[in-house]
Amino acid sequence: LLSQPANSTCEWEAGLFSCLTEAGATIQEINTIRKHTSLARGGYLAKYAYPARIISLIFSDIPGNNLEFVASGPTVKDTTTIDDAKRIAFKYDVGKKCANPSGGQGFKIDHLTETPKEEKYFEKVDNIIVSSNTIALEAMLKRSRDLGYSARIVDDRITGEAREIGRKIAHEIRAEKSRSILLYGGETTVTINNPGGKGGRNQELALSALEHITRGNLVASIASDGQDNSDFGGAICDIITKEEAEKLNTSPQVYLENNNSYEFFSRVNDCILTGNTGSNVSDLIIAIND
């Protein structure tokens, strides 16, 4: 929403974002590019407000809460450079793969611009985290223990391929004693093999976990904003999901390979549907051994 493109258009940037997401770029890599294609992010808002005092109240959706990547850091001094953005652009070959939806023009290096580096613009800035993934996980931890479970936060900055993380979490919860809960937060990525598929990283994570869970296990993954690249916020998988898939003669693996987790969870009716929650503190994952 905060864009102000430097040498392009909002439509061009939307296409670039989709391209990088489909290529499996991390949010830090995506936001490095975003900062260097914008005259609003990467500290620019602080520069425009200078010499006024600035107080930013921040909902962090970035694993580890590195503030220069939250919303691409409009009031935070940017430590990345235009050279970092160029390296990411070359890494994902965006010059060839990312076209401008409104005009067909691909990504070019001259779309990039440097961010403000002068210390004076940030001397009167207070950046304050008021909500984050960690705060949400702490609340989940307390509720789990109140319900009589042995619970712990395993990782509050989880990253990596969603399908690999799903399998890992399934194996970890299987190794726990009964009445245990493991909690995770962060943001995984999905490398798109089938552009015709539908579903987000949370649904893909849950679908990949399904094959590896046993009776008494449950894995649920949800986007805290309620929008997992679709109208579903995420998905739940347990033995009931497995049994329903078998009854419908539906192969989880086929849907996983086609990046079509949305269709799978629509069929077995184990989607999480919250609507837009109005906030975003990244993804939340709960694994239960009951």
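Residues numbered from 1 in each chain as written. Predicted model: local features only at pLDDT ≥ 70, side-chain atom pairs only at ≥ 80, totals over all residues. Heavy atoms only, no water.

Turning next to the overall build of the protein chain. The secondary structure content of the protein chain amounts to eleven helices and eight strands. Relative to a compact globule of 290 residues, whose C-alpha radius of gyration would be 19 Å, the protein chain shows 20 Å and is just as compact. Projecting the C-alpha coordinates of the protein chain onto the three principal axes gives extents of approximately 60 × 45 × 30 Å. Once local pairs closer than 6 in sequence are excluded, the contacts in the protein chain between residues at least 24 apart make up 80%. On the protein chain, roughly 13,700 Å² of surface is accessible, and the fraction owed to carbon and sulfur atoms is 51%. (Helix = DSSP H or I, 4+ residues; strand = E, 2+ residues; numbered from the N terminus. Rg over C-alpha atoms; globule rule 2.2 N^0.38 Å. Contact = heavy atoms within 4.5 Å. Areas by Shrake-Rupley, 256 points an atom, 1.4 Å probe, with all protein chains shown as cover.)

Here we take up the sheet that holds strand β3 (residues 150-158). Strands in a sheet are paired, the pairing made by backbone hydrogen bonds, and the direction either parallel or antiparallel. Taking strand neighbours across the sheet as the criterion, the six strands line up as β3-β4-β8-β5-β6-β7 in an open arrangement whose pairing is mixed. Only two strands of the sheet have a single partner each, and these edge strands are β3 and β7 (271-272). Looking at chain direction, strand β5 (residues 217-223) and strand β8 (residues 283-289) are connected through seven bridges and run antiparallel. Counterpart to Leu218 in the pairing with β8 is Ile288. Together, β3, β4 (180-186) and β8 form the strand contacts of helix α6 (residues 133-146), whose direction differs from that of β3 by roughly 165°. Packed on one face of the sheet, helix α7 (residues 162-174) meets β3, β4, β5 and β8 and runs near 35° to β8. (Pairing = 2+ DSSP bridges. Axes fitted to C-alpha atoms, helices over the stretch in contact; angles between N-to-C directions.)

Counted as a void, the largest pocket has a volume near 1,500 Å³. Where the lining of the largest pocket is concerned, the elements lending two or more residues are α1 (10-22), α2 (27-35) and α8 (201-210). Here the lining of the largest pocket takes seven residues from α1, the largest share from any one element. Of the residues in the lining of the largest pocket, the class split is 18 nonpolar, 20 polar and eleven charged. (1 Å grid on protein atoms, 1.4 Å probe; cavity = no way out; pocket = protein on both sides within 12 Å on 5 of 7 lines; lining within 4 Å. Points joined across faces, edges and corners; volume = space filled by probe spheres on them. Nonpolar A, V, L, I, M, F, W, Y, C, P; charged D, E, K, R; others polar.)

In this section: the nonpolar core. If you look at the biggest cluster of nonpolar residues, it comprises 26 residues, and the most contacted ones within it are Ile169, Val219 and Phe264. Mapped onto this core, the elements with two or more residues apiece are α7, β4, α8, β6 (234-238), α10 (252-257), α11 (261-268) and β8. In this structure, Phe264 is in contact with Leu207, Leu210, Thr241, Ala245, Thr250, Pro252 and Tyr255, ignoring residues within four places of it in sequence. In terms of nonpolar packing, the next biggest core, distinct from the first, is built from 14 residues, Leu20, Ala25, Ile33 and Leu112 among them. (Core = buried A, V, L, I, M, F, W, Y, C linked by side-chain atoms within 4.5 Å. Buried < 20%, exposed > 50% of the residue type's maximum accessible area, 1.4 Å probe, protein only.)

This paragraph deals with the side chain of Asn202. Its location among the elements puts Asn202 in helix α8. Here Asn202 falls in the buried class, since its relative accessible area comes to 1%. When sequence neighbours within four positions are dropped, the list of residues in contact with Asn202 reads Ser221, Ile222, Ala223, Asp228, Gly233, Gly234 and Asp283.

Before going further, it helps to examine unusual backbone geometry. Here the residue pair Tyr50 and Pro51 is connected by a cis peptide bond, since its omega of 10° sits within 30 degrees of zero. Positive phi, close to 55°, is recorded for Ala71, a residue that is not glycine. Residue position: Ala71 is located in the loop between β1 (54-59) and α4 (82-91). For Ala71, a relative accessible area of 52% translates into the label exposed.

Our focus in this paragraph is the packing of α7 against α8. In contact at an axis separation of 7 Å, α7 and α8 are set at 45° when each is read in the N-to-C sense. Taken together, the axes of α7 and α8 lie oblique to each other. Once α7 is placed against α8, the crossing between them reads as right-handed. Of the residues in α8, those in contact with Ala162, Arg163, Ile165, Gly166, Arg167, Ile169 and Ala170 of α7 are Arg201, Glu204, Leu205, Ser208 and Ala209. For the contact of α7 with α8, the residue count by class is six nonpolar, two polar and four charged. (Parallel < 35°, antiparallel > 145°, perpendicular 65-115°, else oblique. Left-handed = near helix turned anticlockwise from the far one by under 90°.)

So, on to empty space enclosed by the protein. Per the counting criterion, the structure on display carries one cavity of 30 Å³ or more. Lining the largest cavity are Ala46, Tyr50, Pro51, Ala52, Ile54, Lys120, Tyr121, Lys124 and Val125.

When the terminal C-alpha atoms of α7 are compared, their 18 Å separation across 13 residues agrees well with the 18 Å that a helix rising 1.5 Å per residue should span. The inward-facing, buried residues of α7 contact β3, β4, α8, β5, α10 and β8. (Expected span 1.5 Å × (residues − 1).)

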